[in-house]
Amino acid sequence: MLPGYTEQLERAEQTNVPGARPTSAAQAQAEAREAVRSVTRAARAQAGSSGVLQVVHGTKRVGWAAYELQRSATSLVQGVAKPPYATTGPLDSLESRKLAEGVRYQVLYDRSALALPPQKDITTKLVAMGEQARVIHVAPTKLIMVDGEIALLPLTVSDTAVESAVVIRSSAMLAAIARIFEDLWRFAAPFTGSHDLSGDQVQPTEEERWILSLLASGATDDTIGRLMGFSARTAQ
């Protein structure tokens, strides 16, 4: 669902390699798991108290935090997917299992996230399994939010990886993030995996379908221009 939060996670499971320095893939995995578990426990036990933030440093730790957050989901995972991207297999396989368990997924895709055919094909398969997917022109950030109780947001991002992220548990900040996600979801266009043409029929482009979806939802010219990245006059 949110490929790009992690590298090939299987690599992090390789330990005791002859000649290798005792680094830390296993340790990073354990630390990330414990960080997420502790914040998740705090969120569920103290939902009404003050907010708690926890920073996760390092690409592998962030990847494992994303993995563990989704693995802990019991009812709903909401997310925003956008580059940077790395290997997608582990998180996509996890989503498949969670969907089979009855966990709902609502995923907003930045248009650039679907530019490469592999990701588009993966999303099409996940949608067929039950993922609810929509597309927005420019996503403000990557995001994973689980059961409305805990979220993961990137802090520092390079061209190829998320280098640090923050875990946010139940708080006014999390409520604001949830509201922003709901607003983005409302104005996003439904994901369509097929763009095949039948006969001589001419179908609208992805951008045209997205604008039509915004118009159908009641968006104003100003709103459409802002979401599409051009002026209200152009939207008219």
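Anyway, here's the lowdown on the structure attached to this text. (Residues numbered from 1 in each chain as written. Predicted model: local features only at pLDDT ≥ 70, side-chain atom pairs only at ≥ 80, totals over all residues. Heavy atoms only, no water.)

## Description of the environment of V166
Looking at the secondary structure, you find V166 in strand β7 (residues 162-169). As for V166 and V55, which are separated by 111 residues in sequence, their C-alpha atoms are 4.3 Å apart. If we ignore the near neighbours within four places in the chain, the residues touching V166 are L53, Q54, V55, A151, L152, L153 and L155. (Helix = DSSP H or I, 4+ residues; strand = E, 2+ residues; numbered from the N terminus. Contact = heavy atoms within 4.5 Å.)

## Details of helix α3 (residues 59-71)
The end-to-end C-alpha separation of α3 is 18 Å, in line with the 18 Å expected for 13 residues at 1.5 Å each. In terms of burial, α3 is a largely internal element, 10 of the 13 residues being buried. (Expected span 1.5 Å × (residues − 1). Buried < 20%, exposed > 50% of the residue type's maximum accessible area, 1.4 Å probe, protein only.)

## Comments concerning the nonpolar core
One finds V77, Y105, Y109, I144, V146 and L152 to be the most contacted residues of the largest nonpolar core, which totals 25 residues. Put simply, the parts of the chain that give this core at least two residues each are α3, β2 (76-81), β3 (104-110), β4 (132-136), β5 (143-146), β6 (150-157) and β7. Among the nonpolar cores identified, the runner-up in size contains 16 residues, and L108, A139, L143 and A151 belong to it. (Core = buried A, V, L, I, M, F, W, Y, C linked by side-chain atoms within 4.5 Å.)

## Some words on the pairing of β5
Burial along β5 is two-sided: L143 and M145 and I144 and V146, pointing in opposite directions, are all buried. Pairing geometry for β2 and β5, over 4 bridges, is antiparallel. Following the sheet pairing, V77 is matched in β5 by V146. With 3 bridges joining them, β5 and β6 adopt antiparallel strand pairing. Within β6, the position partnered with M145 by the bridge is A151. Adjacent in sequence and paired antiparallel, β5 and β6 are bridged by 3 residues, among which D147 carries a positive phi angle near 55°. (Pairing = 2+ DSSP bridges.)

Note that every value here comes from positions in space, so none of it alone points to a role or purpose.
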